[in-house]
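Structural overview for review
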Amino acid sequence: MTILHTFELAAPVVATDHSLGPSDAAVTLVEYGDFECPHCKQAAPVAKLLLSHFIGRLRVVYRHFPLEEVHPHALSAAKAAECAGGQGKFWPMHDVLFENQSALKFHHWSEYAQRLELDMPRFTSEMNDTAYLQRIREHKQSGEKSGVRSTPTFFINGKLHDVSFGISSLFDAVEKVLRQ
């Protein structure tokens, strides 16, 4: 007998989550991702396409799930995104990190922060601090409680969505939820 597990989002979406799209959207897509994961890099433009296709009906949320054992720069990249987020530029840093996935070492983050016109003394100070580390750890813990084992992992309105057969299945899944 085969038992199928249905995983649900353990931590509900809150105002402090990084999101794009209206908070009252009919569908919320939560991604647990890793900036050094090649599959997450492929998923990043798909999320933007979904937003443009389902204008006003979809909200996309990004949560950190750095796989430190296999991606040595993932945690620091997440921290750089959080530091940029503290200055209102999480999504621009998100995009820059994925666009430059092969260049995620310390000296690169400073370059990206300058490109995004961040307050550099603040960015440097926060990168050297552990202030955002707790938030990243909380994201990862909530992902683990939700059944996340790899990246990217997606939840649609709180329910795990399997993308093992292709990331494009997200379009059909969102469409299906909107028709209900």
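Just above, that's the structure.
Below, the structure is looked at part by part. (Residues numbered from 1 in each chain as written. Predicted model: local features only at pLDDT ≥ 70, side-chain atom pairs only at ≥ 80, totals over all residues. Heavy atoms only, no water.)

A word on the packing of aromatic side chains
- Taken as a whole and judged by the stated rule, the model has eight aromatic pairs.
- With a centroid separation of 5.1 Å and 90 degrees between ring planes, the pair formed by Phe90 and Trp91 is classed as edge-to-face.
- An aromatic cluster of at least three residues, connected via ring pairs, comprises Phe35, Tyr62, Phe90, Trp91 and Phe98.
- Residue placement shows Lys140 over the ring face of Phe65; its charged tip is 5.2 Å from the ring centre. (Phe/Tyr/Trp six-rings, centres within 6.5 Å; stacked < 30°, edge-to-face > 60°. Lys NZ or Arg CZ within 6 Å of the ring centre and 35° of its normal.)

With respect to the nonpolar core
- The biggest cluster of nonpolar side chains holds 30 residues, and the ones touching the most others in it are Phe35, Met93, Leu97, Trp109, Tyr112, Leu118 and Phe123.
- Per-element tally for this core: the top contributor is helix 2 (residues 74-85), with seven residues.
- Among residues more than four places away in sequence, those in contact with Met93 are Ala80, Ala81, Ala84, Trp109, Tyr112, Ala113, Leu116, Leu118 and Phe123.
- In this structure, Val46, Leu50, Phe54 and Ile156 belong to the second largest nonpolar core, which totals 16 residues. (Core = buried A, V, L, I, M, F, W, Y, C linked by side-chain atoms within 4.5 Å. Buried < 20%, exposed > 50% of the residue type's maximum accessible area, 1.4 Å probe, protein only. Helix = DSSP H or I, 4+ residues; strand = E, 2+ residues; numbered from the N terminus. Contact = heavy atoms within 4.5 Å.)

Topic: unusual backbone geometry
- That bond from Thr151 to Pro152 is cis: its omega, -10 degrees, falls within 30 degrees of zero.
- Residue position: Pro152 is located in the loop between helix 6 (133-145) and strand 4 (153-156).
- Here the phi dihedral of Glu117 falls at roughly 55 degrees; this positive angle occurs in a residue that is not glycine.
- The topology assignment puts Glu117 in the loop between helix 4 (106-115) and helix 5 (120-128).

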